[in-house]
Amino acid sequence: MNLRSTLLALATVATTVSAVVWSELIMQPENYGNVVHVSYWEKWTAFERDAMKAVVDKYNATEGAKKHIFVDFMPVSGIEDKTIVAISGKMPPDLAGLSTLSLAAFADNDAIVPLDDYCKQYGIKDTDYVPINWRQMFYRGHVFALPTTPDSNALHYNRAAFREAGLDPDKPPRTFDEMDAMADKLTKKDSNGGYKQFGFIPSDPGWWNWGWGYFFGGDLWNGSDKITCNSPENVEGFKWVASYSHKYGPSQINSFKSGFVFASPTNGFISGKEAMQFQGVWMYNFIAKYNPKLDWAAAPMPHPRNRPDLAEMTLADSDDIVIPVGAKHPKEAFDFIAFLQRQENMELLCMGQRKESPLAKVSETFLKTHPNPFIRLFTDLPKGKASRVPPMLGIINEYTAALNEAFDEVTLLREEPKQALDEVQARIQEKLDHYHWILKLREGKAN
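Calculation rules
Residues numbered from 1 in each chain as written. Predicted model: local features only at pLDDT ≥ 70, side-chain atom pairs only at ≥ 80, totals over all residues. Heavy atoms only, no water. pLDDT = per-residue confidence, 0-100. Contact = heavy atoms within 4.5 Å. 1 Å grid on protein atoms, 1.4 Å probe; cavity = no way out; pocket = protein on both sides within 12 Å on 5 of 7 lines; lining within 4 Å. Points joined across faces, edges and corners; volume = space filled by probe spheres on them. Nonpolar A, V, L, I, M, F, W, Y, C, P; charged D, E, K, R; others polar. Phe/Tyr/Trp six-rings, centres within 6.5 Å; stacked < 30°, edge-to-face > 60°. Buried < 20%, exposed > 50% of the residue type's maximum accessible area, 1.4 Å probe, protein only. Helix = DSSP H or I, 4+ residues; strand = E, 2+ residues; numbered from the N terminus.

A. Geometry of the confidence of the model for the chain. A residue-level look at the chain finds 92% of positions with pLDDT of 70 or above and a mean pLDDT of 93. Segment residues 1-29 is flagged for pLDDT under 50; beyond a separation of four residues in sequence, or across chains, it makes 36 contacts in the model.

B. Looking closely at empty space enclosed by the protein. Counting across every chain of the model gives one cavity of 30 Å³ or more. Each pocket or cavity is described by its volume, and for the largest cavity that value is around 40 Å³. Pro-202, Asp-204, Pro-205, Gly-206, Trp-207, Trp-208, Asn-209, Trp-212 and Phe-278 together form the lining of the largest cavity. Along the lines of polarity and charge, the residues of the lining of the largest cavity split into six nonpolar, two polar and one charged.

C. Quick look at the packing of aromatic side chains. Within this structure, the stated rule accounts for 34 aromatic pairs. An angle of 40 degrees between the planes, with centres 4.5 Å apart, marks the rings of Tyr-195 and Phe-198 as tilted. An identical accessibility class is assigned to Tyr-195 and Phe-198; each is buried. Where Phe-238 meets Phe-407, the ring centres are 6.1 Å apart and the plane angle is 90 degrees; that geometry is what we call edge-to-face. Residue Phe-238 is located in helix H11 (residues 232-248), and its partner Phe-407 is located in helix H18 (residues 396-411); the two are separated by 169 residues in the primary sequence. Classification of Phe-407 as buried rests on a relative accessible area of 1%.

D. Just the layout of surface pockets, in detail. Taken as a whole, the largest pocket holds about 770 Å³ of empty space. Asp-151, Trp-207, Trp-282, Asp-319 and Lys-355 are, among the 26 residues lining the largest pocket, the residues nearest its centre. Of the residues contributing to the lining of the largest pocket, the split by class is 13 nonpolar, five polar and eight charged. Looking at the second largest pocket, it is lined by 27 residues, and the ones nearest its centre are Tyr-139, Trp-221, Gly-223, Ser-224 and Met-392. Of all the secondary structure elements, the ones that give two or more residues to the lining of the second largest pocket are strand S5 (138-139) and helix H19 (417-442). If you tally residues by element for the lining of the second largest pocket, the top one is H19, at five residues.

Quick look at the structure:
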């Protein structure tokens, strides 16, 4: 289903939503006297919500007060769907915080406002940002969003477990060969023959199943019209993933991690049951909350022995802020976006969420006072030549879902990597061709 059909479907569903609940979301006052009220929907809760609220409060008390603009900040669950419904009903918020995975579909369906002219007016340019974070905001020749908080990921490892296994805790693996050998030493069985500790589990947490081919030099598409998930490099990545199932057994791995809950003391890494885990910058927050005594460190993910050019790769991503089409106060809305992009305000937000900054310039104070002891690593990794982001595709959700299915088949040893990826290649190429045909039809360019 493309976004336009989703818009229509959700607009129908919206009629069943309680009038009282829905009015809390879309019936925002336009102004009080001479103050323009900008409605801002954001997906975050808890400390992440509080971090953005601090920036909103600062704006309202300073810049907004001078310009008679007040930002009404509202956390909204299921924000992509509710924003789509509001746009289709011609009652959108002035600002919405989205995931970059949804950006292409929103832009392709004329659901969000291009920000090029606003950026030029406020002097916001590409060199202000870490290139990979800017790249995610730029699509089909236009800037459609600006970043809020980015994220990068790295190998988290248990230093105490390294010492117990006779490994140097100051020397994490540099290549996948080294990692596999260390994982063997770090994997332990109990007296009944079951596993009590794993060195590494590729399927945990399972959020980047689509991306393992990147670490072996693969790409998921050619940047324009061809899906490339069955390239030799991507197949090699899935073969590496499957090697853990061949070595330890798929049922044994799944049984071992069946009780893991990410944001809890039962998290595999936090509980000490996994000695190494591929995780994002946010992992510090949960370690600090659920096991602050854990002796851990973070390092770049390993690379293939014959591909030193892939050293220090990270799968970077970002949340973003957009102006929906039909927003009543787009100029005032962008004034807040521009305020957020200033270094001191972006650092206020990113410090509050304990993430790195997407800006090219980062203050030494931010780095020195940041609670994550490895924030310099997470700041530097996205700047590297090997850093990668998910494809900017309107069908990205369907694509990653298909890759997740293939990943499951491969890790359960039900399909060979080449066979599983060939199937995804054929299925998603057909969907991409159809998606592009629909876009051309709308533009009057289809044959």
